[in-house]
Amino acid sequence: MKKISILGATGSIGTNTLDVISKRPVDFRVIGLSAYSNMRLLAKQIKLFKPKLVSVKDQDSIRELEKLTDLSGIRVYTQEQGLSKIATHRETEILVVATSGTISLVPTLLAIEQGKTIALANKEPLVMAGKIVMERLRKSKGKIIPVDSEHSAVFQCLQNSDINTVKNIYLTGSGGPFREFSKQKLKTVSLEMALKHPKWKMGRKITIDSATLMNKGLEIIEARWLFDIAPEKIKVVVHPEAIIHSMVEFYDGSVLSQMGVTDMRLPIQYALDYPNRRPNHLKAVDFFALKKLTFFKPDENKFPCLKIAKKIAAESGTGGCVMNAANEVAVNAFLTGKIGFMSISKIIESVLKRHKRMKSPTLDQIFECDDWARREARLLCYQQ
């Protein structure tokens, strides 16, 4: 029986992970759960999975949770302390990192240092501090298994292969809801339009990142560190059918792809079961029903967020941290109606222009840059 803890249990990845676990109670045991604001759902999860410890936002959340479920015998913590307690608990074997934002970086590092397996669904640790994360991983007995469908696909294609034999990695993406929009039409995008992803059901923030193609840019940075490969070897391919989740091209001309239906439970189960594969009751690809598989180059002029991220991926230092922080603030401003869709990339670019890069930052300096970038981005959003 594998013992699992989940940071971000009430989000899309967290709930899908618990769905996988619920189908196989003999194979998995839940040790810790964290949630930020959805206490009603967390209470249901606690009743069903009976974790040993939970983490919530604050004392008000604890009081709300106490009214919803019996917490006797469960250790309850708040914020960063709670996430770290879950990540380092002696019984946690696999830590599913599915929180949104930068708060996952420290618990991820702590879990790595203690030799845990990280099922990583959150991009921020590697985008913010990829060099630090991977250096600490190499010095520990821990390992990272990606949960993002694209990185899980690459990870699977690379099994038993030397990264030095790889010519290119192709990260596929549906192109989002605005793939066929003109640059002029993009100026008319509303929040409701941006939240309608054509293929995946995800959280609001990542859905907007998919609409701007920033999601693909973040994935390039993540892949660079995760697979220790030069960023110029990482390509983005628009694949509207979303059947091929990514591809690896080798120097001998062979190309391996990982295919599957658009269901996050597939890469989640792979990460939990690794290195084994187990059957499930999920849908499979119906090759006889497939009419076609199409591929396009992304238009970086229409989607400047991708262009910005590709440039940052070629650097090493604080650029990724600053870009990520500015993007989070700008996306939140769009989600709350403070700025328009096209302003997201402009704010990110403006913050990066004001930033003085550090090539080899410490962890403290990364957090300082993150804080600075958020302040700058908020100021720019206010001025829109």
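The sections below set out a description of the structure shown in this document. (Residues numbered from 1 in each chain as written. Predicted model: local features only at pLDDT ≥ 70, side-chain atom pairs only at ≥ 80, totals over all residues. Heavy atoms only, no water.)

Comments concerning the overall build of the protein chain
Okay, step 1: In terms of regular secondary structure, the protein chain is built from 16 helices and eleven strands.
Okay, step 2: A principal-axis box enclosing the C-alpha atoms of the protein chain has dimensions of 55 × 50 × 40 Å.
Okay, step 3: Within the protein chain, buried positions represent 57% of all 384 residues.
Okay, step 4: A separation threshold of at least 6 residues defines the contact pool for the protein chain, and within that pool the share at least 24 residues apart is 69%. (Helix = DSSP H or I, 4+ residues; strand = E, 2+ residues; numbered from the N terminus. Buried < 20%, exposed > 50% of the residue type's maximum accessible area, 1.4 Å probe, protein only. Contact = heavy atoms within 4.5 Å.)

Details of the sheet that holds strand β9 (residues 234-238)
Okay, step 1: Pairing is mixed in the open sheet, where four strands are placed in the order β9-β8-β10-β11. Only two strands of the sheet have a single partner each, and these edge strands are β9 and β11 (255-259). Neighbour-to-neighbour, the strand axes of the sheet open up by a mean angle of 20°, direction not taken into account.
Okay, step 2: Bridge count for strand β10 (residues 244-250) against β11 is five bridges, and the pairing is antiparallel. (Pairing = 2+ DSSP bridges. Axes fitted to C-alpha atoms, helices over the stretch in contact; angles between N-to-C directions.)

A word on the pairing of strand β1 (residues 2-7)
Okay, step 1: Alignment of β1 against strand β2 (residues 28-34), held across six bridges, turns out to be parallel. Across the sheet, the residue bridging to Leu-7 is Ser-34, located in β2.
Okay, step 2: Between the parallel pair β1 and β2, the chain is carried across by helix α1 (residues 12-22), and the sense of this crossover is right-handed.
Okay, step 3: Both β1 and strand β5 (residues 94-97) contribute to a ladder of four bridges, which runs parallel. The partner of Ile-6 across the bridge, within β5, is Val-96. (Right-handed = clockwise from strand over helix to strand, strands pointing away.)

Remarks on the sheet that holds β2
Okay, step 1: The sheet built from seven strands is open, its strands ordered β4-β3-β2-β1-β5-β6-β7 with parallel pairing. Taken across any chain shown, the strands that pair with only one partner, and hence form the sheet edges, are β4 (75-78) and β7 (143-146). Neighbour to neighbour, the strand axes of the sheet diverge by 25° on average, direction disregarded.
Okay, step 2: The strands that helix α2 (residues 39-49) touches are β2 and β3 (53-56); relative to β2, the one it contacts most, it runs at about 155°.
Okay, step 3: Packed onto the sheet, helix α6 (residues 124-138) meets β6 (117-120) and β7 and runs at close to 140° relative to β7.

Focus: the side chain of His-151
Okay, step 1: Of note, His-151 is situated in helix α7 (residues 149-157).
Okay, step 2: Residue His-151 is classed as buried on the basis of its relative accessible area of 0%.
Okay, step 3: Here the side chain of His-151 touches Glu-219 through a polar contact of 2.9 Å, landing on its backbone oxygen.
Okay, step 4: What His-151 contacts, discounting residues up to four positions off in sequence, is Pro-146, Glu-219, Glu-222, Ala-223, Leu-226 and Phe-227. (Polar contact = N/O pair within 3.5 Å; in protein donor to acceptor, adjacent residues only side chain to side chain.)

Some details on the pattern of salt bridges
Okay, step 1: Tallying each qualifying case throughout the model produces 22 salt bridges.
Okay, step 2: Its salt-bridge partner being Arg-179, residue Glu-180 comes within 3.2 Å of it at the nearest N-O pair.
Okay, step 3: The exposure class of Glu-180 is exposed, given its relative accessible area of 65%.
Okay, step 4: By relative accessible area, which is 27% here, Arg-179 ends up partly exposed.
Okay, step 5: For Arg-357, the salt bridge goes to Glu-315, with nearest N and O atoms at 2.9 Å. Remark: Glu-315 occurs in the loop between α13 (304-313) and α14 (319-335) and Arg-357 occurs in the loop between α15 (343-354) and α16 (363-383); sequence separation between them is 42 residues.
Okay, step 6: The network of salt bridges with shared partners includes Lys-3, Lys-52, Arg-90 and Glu-91. (Salt bridge = Lys/Arg side-chain N within 4 Å of Asp/Glu carboxyl O.)

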